Structures are given as C-alpha cells and as structure tokens.
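The residues making up each chain are set out below.
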Amino acid sequence: EAGVAQSPRYKIIEKRQSVAFWCNPISGHATLYWYQQILGQGPKLLIQFQNNGVVDDSQLPKDRFSAERLKGVDSTLKIQPAKLEDSAVYLCASSSPGLNEKLFFGSGTQLSVL
Amino acid sequence: QKEVEQNSGPLSVPEGAIASLNCTYSDRGSQSFFWYRQYSGKSPELIMFIYSNGDKEDGRFTAQLNKASQYVSLLIRDSQPSDSATYLCAVRGRNFNKFYFGSGTKLNVKP
C-alpha cells in the first residue's frame, strides 16, 4: 500500500514570495491533515479536511495561508506572502475514520524562508 | 493548558538499558493513544498505539495506559543506538478525529 505522498521535499524562498505544497493521501483515507512542525516542537494542526470539506482550520493564518482539497483526494497548501516565521516542516497526514483510526504522515516539505 | 504534555528531555540511557518515556493528557474523554518516533530530518513514524487501560507489548516496545491518571508511557527494552530519536506522544480526541501531539521527548542511547 502506497503511503502519503508529498512534494516538494525541500523549498527555499525569500520572504514575501509565495509557495505551494502538494499532498496525496493514502488511497481511501477520507481525512487529510496539514501540520506545521517548527524545529524542536511537536506538529501543530493547520487544517483538517473530511473528504472535501473543512473540519477544522482554527489555527490556519488565513491572511496568508490557504488550502484546498478538490474532489476529496489530493490537497494543496499555499502560503502567500511568506514570512520568516513560516520556516518549518509542513507535514501532510491522512487517516481513515473509524474506531481504530490511526494517523500516517508523508515525508514532509522543509520550507526555508530567507 | 496543553492537551498533551511531555518532558522534552534529552533522556540519556546506556545501550541495553530500559528507556521510559512519559506523557500526560488533559481531555478525559480521549479515545486513542499513540507513540510516534521521529528521526532528525524525517517525518513521524507510528510505532505503537493503545486504546484500553493496561499494557501492550510489541517486540522491545511496551505502551502503558492509565486513563484514571490520564497518563501514557512507552518503555523501550534493550535500548539500541538506533533508537535515538524524538518520541512524540499523540492523543485522539473525542470529537472529529482530532489528534493532539506533545512536543516530543528526545532520547539518546549511548553505545
């Protein structure tokens, strides 16, 4: 079974530029998550989708971050314009809802904003 | 108050010893509990999960859950240098399949 796919693996941009990350979840997983992980910290949830609907985006900085999951499969997270403090690893994860639900992560995108 | 609390460490143990990692959580209605291992520069990898009170063993790993005390632990027996990593505790909340993560405990296993 293929895992969660993410791209790109690394990205370096200058502040005020825009950047986009892509994620394809495990086949059949209805729930997709975007997490931000700053060095030395645990993952912080940015947005959670159930199929193509948003379940939670309370911690998404909506003035600069946006995300979509058209057709309920793959997803794109965008930052525009980027700030220095956005330097982090952006992790996509997916899960299949149920009693024994587990969360699986992609390889992540390491973003450096200069 | 954070939903999930972990000691950031680092926790240093000699090779072959037992490493004990601990985690507390705030929501008494939490349903499922997970341990992820994260090597430097890599994404978190699920290594253990536990749903009911007691112990669950898988190879050298044992997860322990005490819902009354809102406490989860991970024991690693016969620790190896390859176990050196950050261990993240995660808790699945009662609503909308939310997963809350601790800040992680860094484990160093010395040869």
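For the structure, check the block above.
Residues numbered from 1 in each chain as written. Chains lettered and ligands numbered in written order. Predicted model: local features only at pLDDT ≥ 70, side-chain atom pairs only at ≥ 80, totals over all residues. Heavy atoms only, no water.

Engineer: Looking at this structure, how should I read the sheet that holds strand 3 (residues 19–24) of chain A?
Structural biologist: Sheets are built from strands paired through backbone hydrogen bonds, the pairs being either parallel or antiparallel. Residues and elements named next belong to chain A. If you trace the 4 strands from one edge of the open sheet to the other, you get 1-3-8-7, paired in antiparallel fashion. Every interior strand has two partners, whereas the edge strands, strand 1 (5–7) and strand 7 (65–68), have only one. Direction aside, neighbouring strands of the sheet carry axes that sit 15° apart on average. Of the pairings in the sheet, the one linking strand 1 to strand 3 comprises 3 bridges and is antiparallel in character. Bridged to A5 within strand 3 is N24. (Pairing = 2+ DSSP bridges. Helix = DSSP H or I, 4+ residues; strand = E, 2+ residues; numbered from the N terminus. Axes fitted to C-alpha atoms, helices over the stretch in contact; angles between N-to-C directions.)

Engineer: For this particular structure, what's the right way to read the interface of chain A and chain B?
Structural biologist: Many structure descriptions define interface size as the accessible area lost when the parts assemble. Taken together, the contact pairs 26 residues of chain A with 19 residues of chain B. Of the roughly 1,600 Å² buried at the junction of chain A and chain B (both faces included), carbon and sulfur atoms supply 53%. We note a salt bridge from D56 of chain A to K98 of chain B, for which the minimum N-O separation is 2.8 Å. Here chain A and chain B share 6 residue pairs in polar contact (both at pLDDT 80 or more) between them. When residues of the side of chain A that touches chain B are traced back to their parent elements, those giving at least two are strand 4 (31–37), strand 5 (44–50), strand 6 (53–56), strand 9 (88–95) and strand 10 (104–105) of chain A. By residue number, the principal contributor to the side of chain A that touches chain B is strand 4 of chain A, which donates 4 residues. Considering only residue class, the side of chain A that touches chain B consists of 10 nonpolar, 12 polar and 4 charged. (Contact = heavy atoms within 4.5 Å. Buried area = accessible area lost by both parts, 1.4 Å probe. Salt bridge = Lys/Arg side-chain N within 4 Å of Asp/Glu carboxyl O. Polar contact = N/O pair within 3.5 Å; in protein donor to acceptor, adjacent residues only side chain to side chain. Nonpolar A, V, L, I, M, F, W, Y, C, P; charged D, E, K, R; others polar.)

Engineer: How should I be thinking about the state of the cysteines in this particular structure?
Structural biologist: Two cysteines, two sulfur atoms, one covalent bond between them: this is a disulfide. Throughout the structure, instances matching the rule amount to 2 disulfides over all chains. One disulfide bridge connects C23 of chain A with C92 of chain A, the sulfur atoms lying 1.9 Å from each other. Taking the sign of the torsion about the S-S bond as the criterion, the disulfide between C23 of chain A and C92 of chain A, at about -70°, is left-handed. Here C23 of chain A is found in strand 3, whereas its partner C92 of chain A is found in strand 9, with 69 residues between them in sequence. In this structure C23 of chain A comes out as buried when scored by relative accessible area, which is 0%. Exposure remark for C92 of chain A: the relative accessible area of 0% places this residue in the buried category. In this model, C23 of chain B is linked to C89 of chain B through a disulfide, with the two sulfur atoms separated by 2.1 Å. Handedness here is read from the sign of the S-S torsion; for C23 of chain B and C89 of chain B, about -70°, the answer is left-handed. Taken together, the residues C23 of chain B in strand 3 (residues 19–25) and C89 of chain B in strand 9 (residues 85–92) connect sequence positions 66 residues apart. (Disulfide = S-S within 2.5 Å. Buried < 20%, exposed > 50% of the residue type's maximum accessible area, 1.4 Å probe, protein only.)

Engineer: How do you make sense of the nonpolar core when you look at a structure like this?
Structural biologist: Here is a general trend for soluble globular proteins: nonpolar side chains tend to be buried in one another's company. Ranked by internal contacts, the top residues of the largest apolar core, which has 23 residues, are W35, L74, I76 and Y87 of chain B. Of all the secondary structure elements, the ones that give two or more residues to this core are strand 3, strand 4 (32–38), strand 5 (45–50), strand 7 (61–66), strand 8 (71–76), strand 9 and strand 11 (105–110) of chain B. Judged by nonpolar contacts, the second largest core, of 21 residues, contains F21, I26, F49 and Y90 of chain A. (Core = buried A, V, L, I, M, F, W, Y, C linked by side-chain atoms within 4.5 Å.)

Engineer: Whenever I open this one, the layout of surface pockets confuses me. Can you help?
Structural biologist: By rolling a water-sized probe across the atoms, one finds the places where empty space is left. As a volume, the largest pocket reaches approximately 620 Å³. Lining the largest pocket are 29 residues, with L39 and G40 of chain A together with Q38, S40 and G41 of chain B sitting closest to its centre. Contributions of two or more residues to the lining of the largest pocket are made by strand 9 and strand 11 (109–113) of chain A together with strand 9 and strand 11 of chain B. Split into classes, the residues belonging to the lining of the largest pocket amount to 9 nonpolar, 17 polar and 3 charged. Considered as a void within the structure, the second largest pocket measures approximately 470 Å³ in volume. If you go around the second largest pocket, you meet 21 residues; those closest to its centre are P43, K44 and Q59 of chain A together with E3 and F101 of chain B. The residue inventory of the lining of the second largest pocket, partitioned by class, reads 7 nonpolar, 8 polar and 6 charged. (1 Å grid on protein atoms, 1.4 Å probe; cavity = no way out; pocket = protein on both sides within 12 Å on 5 of 7 lines; lining within 4 Å. Points joined across faces, edges and corners; volume = space filled by probe spheres on them.)

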